[in-house]
Amino acid sequence: MGDDERDESVFVVGDVHGHLAELITALHTAGLTTPEGQWSGGRHRLWFLGDFVDRGPDGIGVIELVMRLSDQADRAGGFVGSLLGNHEVLLLGMHLFGDTPVPSDYGFRSFARSWHLNGGQLSDQTRLTDRHVRWLTDRPVAVVVDEHLLLHSDTTAYLSWGDTVDEVNSAVKAIMQGRELTSWWDCWHKMTTRFAFRGATGAQTADEIMGKFGGKRIVHGHSIIADQLGIEPDQVEGPLSYADDKVLAVDGGLFDGGPCLVVEL
């Protein structure tokens, strides 16, 4: 790899879940920010794969950092992008719908109940502003970057929204910009599914989704690497390549004591 290519590398970060200090340390170690969290990555490109909030102490601080880095990187000739994760849908669903019951044949369900059960932090709700909401609802859920298909969740549920990345992003954005409770709940539920690329048929499933969306390798967060390997999160040392090297998992399980992985693709 030449110097010019190395100056424009692509990095990805998995689920941060409110751990702002650990994120800044990891980004600085990777050479992308100053110790204080200001962009120093030049022309590098950085993608966050979603789940900024819940489970940890400062989800809004993470969102604000990513928003600021996006502006700073743009001015420096670099790029910072981010995907919508299932916990962003949950955060916003709680904000918009609260305890409103979701029509269900399986007992009482609501965004408030699921938010509480999945590590919702009151401070994230109280600090959430209209500016944050507008920014979050404008995030894509899938992108192809240098032949890498970036997704938050290791699921084929994205295919239910369309046959191309553009169709999927448009469909989800329409849901996020609307106020139809059941559509929001369906979006949240689909994005919580996982493990589509595990097992004997995992590589074939990866090929099927890339055949429609593009890319030669799927990169995802959502499912903790330690769970796939049967180890403790603090034993995770790096990303996990699996499904015949067609899929790369990058969620180090930060909220559960694992590392904040900043992975160069």
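Structurally, asparagine 86 is set in helix 4 (residues 86–97). A distance of 2.8 Å separates polar atoms of two side chains, one belonging to asparagine 86 and the other to histidine 152. Side chain to side chain, asparagine 86 and histidine 222 meet in a polar contact 3.3 Å long. Those residues in contact with asparagine 86 that lie beyond four places of it in its chain are Asp51, His152, Trp188, Met191, Thr192 and His222.

Once that is clear, we can look at helix 7 (residues 130–137). Among all positions of helix 7, only His132, Val133, Trp135, Leu136 and Thr137 are buried. At its buried positions, helix 7 is contacted by helix 3 (59–75), strand 3 (79–82), helix 4, helix 6 (122–127) and helix 8 (165–176).

Taken in spatial order, the four strands line up as 3-2-1-9 in an open sheet, and their pairing is mixed. Each edge of the open sheet carries a strand with a single partner, namely strand 3 and strand 9 (262–264). Direction aside, neighbouring strands of the sheet carry axes that sit 20° apart on average. Sheet strands touched by helix 2 (residues 20–29): strand 1 (10–13), strand 2 (45–48) and strand 9. Its angle to strand 2, the strand with the most contacts, is close to 155°.

Of the two faces of strand 5 (residues 148–151), both are covered, the one formed by His148 and Leu150 as well as the one formed by Leu149 and Leu151. One ladder, built from four bridges, connects strand 4 (residues 142–145) with strand 5; its direction is antiparallel. In the sheet register, valine 144 faces strand 5, and the bridge partner there is leucine 149. What sits between strand 4 and strand 5 in their antiparallel hairpin is a turn of two residues, with aspartate 146 showing a positive phi close to 50°. Where strand 5 meets strand 6 (residues 217–220), four bridges bridge the pair, whose relative direction is parallel. Across the sheet, leucine 149 pairs through a bridge with isoleucine 218, a residue of strand 6.

Attention now moves to the packing of aromatic side chains. If you walk through the whole model with that rule in mind, you get seven aromatic pairs. Here the aromatic rings of phenylalanine 97 and tryptophan 184 are separated by 5.8 Å at their centres, their planes lie at 70°, and the arrangement is edge-to-face. One end of the pair, phenylalanine 97, is in helix 4; the other, tryptophan 184, is in helix 9 (residues 181–192), and 87 residues separate them in sequence. Each member of the pair phenylalanine 97 and tryptophan 184 is classed as buried. Within the aromatic cluster, the residues linked to one another by ring pairs are Phe97, Phe111, Trp184 and Trp185. The positively charged end of arginine 55 is found above the aromatic ring belonging to phenylalanine 255, 4.8 Å away from the centroid.

How each quantity is defined
Residues numbered from 1 in each chain as written. Predicted model: local features only at pLDDT ≥ 70, side-chain atom pairs only at ≥ 80, totals over all residues. Heavy atoms only, no water. Helix = DSSP H or I, 4+ residues; strand = E, 2+ residues; numbered from the N terminus. Polar contact = N/O pair within 3.5 Å; in protein donor to acceptor, adjacent residues only side chain to side chain. Contact = heavy atoms within 4.5 Å. Buried < 20%, exposed > 50% of the residue type's maximum accessible area, 1.4 Å probe, protein only. Pairing = 2+ DSSP bridges. Axes fitted to C-alpha atoms, helices over the stretch in contact; angles between N-to-C directions. Phe/Tyr/Trp six-rings, centres within 6.5 Å; stacked < 30°, edge-to-face > 60°. Lys NZ or Arg CZ within 6 Å of the ring centre and 35° of its normal.

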